[in-house]
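Read off the chains here:
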Amino acid sequence: MLIKVLLPVTNQAMGLARIDSVDVGQPLRQGARLIDFTLGQDVVQTHDCPPITHYRVTSREKAWVRRIDIASGDMVEQGAIAMLLSSEPDEPLDAQDGRSARVSVAAILASFEW
């Protein structure tokens, strides 16, 4: 089965996400770091929030990385396909069935001097 890793939508008002790193091994193990990305809140009204938030996406399942559609430094729409995984190492990439990946997303707040 094909498995799509989507860049999470945390707040559509924040616009594009900057990809900080794409870090995947083969085969992908449960708990592996997939993507680090950064969003800025400079286009929206913020209230007691830092203007920049960093996020980490990790895998909650075992899979094989078949295609990576992003790279460090890219500016990507939230919700875009970041990579394609498969449940088997030789799954055809033109298969019609599929689902979204099971991932965990954590916000990483840097300490700022206010």
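Residues numbered from 1 in each chain as written. Predicted model: local features only at pLDDT ≥ 70, side-chain atom pairs only at ≥ 80, totals over all residues. Heavy atoms only, no water.

Asks: Any chance you could break down the sheet that holds strand E4 (residues 52-59) for me, citing the residues and the numbers?
Replies: Judged by pairing direction, the sheet is antiparallel, and its five strands sit side by side in the order E6-E2-E3-E4-E9 without closing on themselves. Across the chains shown, the open sheet's two edge strands, defined by having one partner strand only, are strand E6 (75-76) and strand E9 (103-108). Where strand E2 (residues 17-22) meets E6, two bridges bridge the pair, whose relative direction is antiparallel. Bridge pairing in E6 links Ala17 to Val76. (Pairing = 2+ DSSP bridges. Helix = DSSP H or I, 4+ residues; strand = E, 2+ residues; numbered from the N terminus.)

Asks: Any details on the pattern of salt bridges? Residues and values, ideally.
Replies: Under the definition given, this model contains seven salt bridges. Asp36 serves as the salt-bridge partner of Arg33, at 3.3 Å between the closest nitrogen and oxygen. Looking at Arg33, the relative accessible area reads 29%, which means it is partly exposed. Of the charged contacts in the structure, one is a salt bridge between Glu61 and Arg102, with a shortest N-O distance of 3.5 Å. Of the two residues, Glu61 is situated in the loop between E4 and strand E5 (64-68) and Arg102 in the loop between strand E8 (98-100) and E9; the sequence distance between them amounts to 41 residues. Classification of Arg102 as partly exposed rests on a relative accessible area of 44%. (Salt bridge = Lys/Arg side-chain N within 4 Å of Asp/Glu carboxyl O. Buried < 20%, exposed > 50% of the residue type's maximum accessible area, 1.4 Å probe, protein only.)

It is worth stressing that arrangement in space is one thing and function is another; only the former is reported here.
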